[in-house]
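# Structural overview for review
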Amino acid sequence: MDLQLKNKTAFISGSTAGIGFATAKLLLKEGAIVIINGRTTAGVNKAINKIKQEIPDAKVTGLPADFSHPQDIQTLLLQLPKIDVLINNVGIYTSKSFFESTDEDWQQQFEVNVMSGVKLSRHCLPQMLENNWGRILFVSSECATLVPPDLIAYSMTKTAVLAISRGLAQLAKGTQVTVNSVLPGSTLSEGAEQFLSDVAQKENKTKKQVEEDFFTNVRTSSLLQRFAKVEEVANTIVYLASPLSSATNGAAIKIDGGSMGGII
Ligand SMILES: NC(=O)c1ccc[n+]([C@@H]2O[C@H](COP(=O)([O-])OP(=O)(O)OC[C@H]3O[C@@H](n4cnc5c(N)ncnc54)[C@H](OP(=O)(O)O)[C@@H]3O)[C@@H](O)[C@H]2O)c1
């Protein structure tokens, strides 16, 4: 299927690894022009080299910026070309008891997970409206409604982006600009892979056993009963980023393997 993404310019926040990196590769394979992002120039260059080994004709560049540093964002916005597809993907979490999490924990997660998307969208949406075409996607999480007890601050940020996404879609009413959010479930990014390895080593188990324990004891509501691959999440993101998704707007799309429950 031709996703009609050839020569569309996309920016993905936090895309040197994980879901963002998988999304970048898929967009590049579709012929899009992709700007990737991470905190450092070295990290961004490393990711670009990795992509070019796999996709030699990839039209990929990078813009480093740490979304917890407002000055970095200012500089990034000055360098950003006209964007057709904005993917607000960057997200960090602190797993802590509510009673132990500090104001700084809350503020940092809010700054990176919420304000990154606010600032990038405020910059890109007017250009998209002028061009009468664009896609903005917010990467939320199953935690937006599951709210695990050790991730209350993170979950708050993931619920917040749903409201922002819906609000921006309403601002684009009647145009060919759409704004949606996606809610991935537990996904095997490098971070999750490391978590599985660490627990496996600590508890003298295999990674497979740790994964099974997680779905038996923690994420019991999952129908998938395994971690999703980053590519499985990227597939949905790239479809929503494409012209083919034109009738989906202001929506929150689950990629949660059924963990959030409910029929719709
Ligand atoms: N993995 C899951 O199970 C899961 C589930 C639901 C939702 N999500 C959401 O999906 C999104 C992607 O998650 P992921 O697991 O794929 O992430 P990840 O593997 O942890 O990806 C980390 C990426 O974010 C970048 N990054 C981290 N802090 C940054 C900052 N302050 N400024 C700029 N870039 C930064 C890293 O770049 P450098 O290291 O190069 O700086 C790297 O490219 C997040 O919003 C996450 O909340 C993930």
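Predicted model only: the values in this text are computed from it and were never measured.

### Structural notes on the packing of aromatic side chains
- Per the stated rule, a full pass over the model turns up six aromatic pairs.
- With a centroid separation of 5.5 Å and an interplanar angle of 25°, the aromatic rings of phenylalanine 214 and phenylalanine 227 are classed as stacked. With phenylalanine 214 in helix 8 (residues 207-218) and phenylalanine 227 in the loop between helix 8 and helix 9 (230-241), the pair connects residues that are 13 residues apart, well separated along the chain.
- Since its relative accessible area comes to 16%, phenylalanine 214 is described here as buried.

### Looking at the sheet that holds strand 6 (residues 177-184)
- The seven strands are arranged 3-2-1-4-5-6-7 in an open sheet whose pairing can be described as parallel. In this open sheet, the two edge strands, each paired with only one partner strand, are strand 3 (59-62) and strand 7 (252-255). Looking at each pair of strands side by side, their axes are set apart by 20° on average, direction ignored.
- Here strand 5 (residues 134-139) pairs with strand 6 via six bridges, running parallel. In the strand pairing of strand 6, leucine 137 is matched with asparagine 180.

### Quick word on the nonpolar core
- Counting residues in each nonpolar core, the largest one holds 35 residues, and the members touching the most others are Leu27, Val34, Ile36, Ile51, Ile87 and Ile237.
- Only strand 1 (9-12), helix 1 (18-29), strand 2 (33-36), helix 2 (41-54), strand 4 (85-88), strand 5 and helix 9 provide two or more residues apiece to this core.
- Broken down by element, this core gets its largest block of residues, seven residues, from helix 9.
- If near-sequence neighbours (up to four positions away) are discounted, isoleucine 36 is found in contact with Ile12, Ser15, Ala24, Val44, Ala47, Ile48, Ile51, Val60, Thr61, Gly62 and Leu63.
- Counting residues in each nonpolar core, the second largest holds 26 residues, with Ile35, Ala65, Leu76 and Ala169 among its members.

### Structural notes on the site of the ligand
- The ligand sits among 27 residues. The nearest are Thr16, Ile19, Arg39, Asn89 and Tyr154.
- A distance of 2.9 Å is found between a nitrogen atom of the ligand and a side-chain nitrogen or oxygen belonging to aspartate 66.
- Measuring from an oxygen atom of the ligand, one finds a backbone N or O atom of asparagine 89 at 2.6 Å.
- For the ligand, the accessible surface in isolation is 900 Å², of which the surrounding protein chains cover 84%.
- In terms of residue class, the shell around the ligand is made up of nine nonpolar, 15 polar and three charged.

### Considering helix 9
- Taking 1.5 Å of rise per residue, twelve residues should cover 16 Å, and helix 9 covers 16 Å from first to last C-alpha, within 8% of that figure.
- For helix 9, the complete set of buried residues consists of Val230, Val233, Ala234, Ile237, Val238, Leu240 and Ala241. Each buried residue of helix 9 lies within a common arc of 155° when the element is viewed along its axis, so the set occupies one face.

### Quick look at the domain arrangement of the protein
- When cut into domains, the protein gives domain 1 (9-185 + 229-255) and domain 2 (188-227).
- Just the C-alpha atoms count here: the centres of domain 1 and domain 2 sit 25 Å apart.
- Taken residue by residue, the interface counts eight residues in domain 1 and seven residues in domain 2.
- For the pair domain 1 and domain 2, the summed buried surface comes to about 560 Å²; carbon and sulfur atoms form 43% of the total.
- Counting every contact that joins domain 1 to domain 2 gives two salt bridges.
- Here arginine 219 makes a salt bridge to glutamate 142, at a shortest N to O gap of 2.9 Å.
- Counted by class, the side of domain 1 that touches domain 2 contains four nonpolar, one polar and three charged residues.

The rules we used
Residues numbered from 1 in each chain as written. Predicted model: local features only at pLDDT ≥ 70, side-chain atom pairs only at ≥ 80, totals over all residues. Heavy atoms only, no water. Phe/Tyr/Trp six-rings, centres within 6.5 Å; stacked < 30°, edge-to-face > 60°. Helix = DSSP H or I, 4+ residues; strand = E, 2+ residues; numbered from the N terminus. Buried < 20%, exposed > 50% of the residue type's maximum accessible area, 1.4 Å probe, protein only. Pairing = 2+ DSSP bridges. Axes fitted to C-alpha atoms, helices over the stretch in contact; angles between N-to-C directions. Core = buried A, V, L, I, M, F, W, Y, C linked by side-chain atoms within 4.5 Å. Contact = heavy atoms within 4.5 Å. Near = heavy atom within 4 Å. Polar contact = N/O pair within 3.5 Å; in protein donor to acceptor, adjacent residues only side chain to side chain. Areas by Shrake-Rupley, 256 points an atom, 1.4 Å probe, with all protein chains shown as cover. Nonpolar A, V, L, I, M, F, W, Y, C, P; charged D, E, K, R; others polar. Expected span 1.5 Å × (residues − 1). Arc of directions from axis to C-beta. Domains from an automatic or database assignment. Buried area = accessible area lost by both parts, 1.4 Å probe. Salt bridge = Lys/Arg side-chain N within 4 Å of Asp/Glu carboxyl O.

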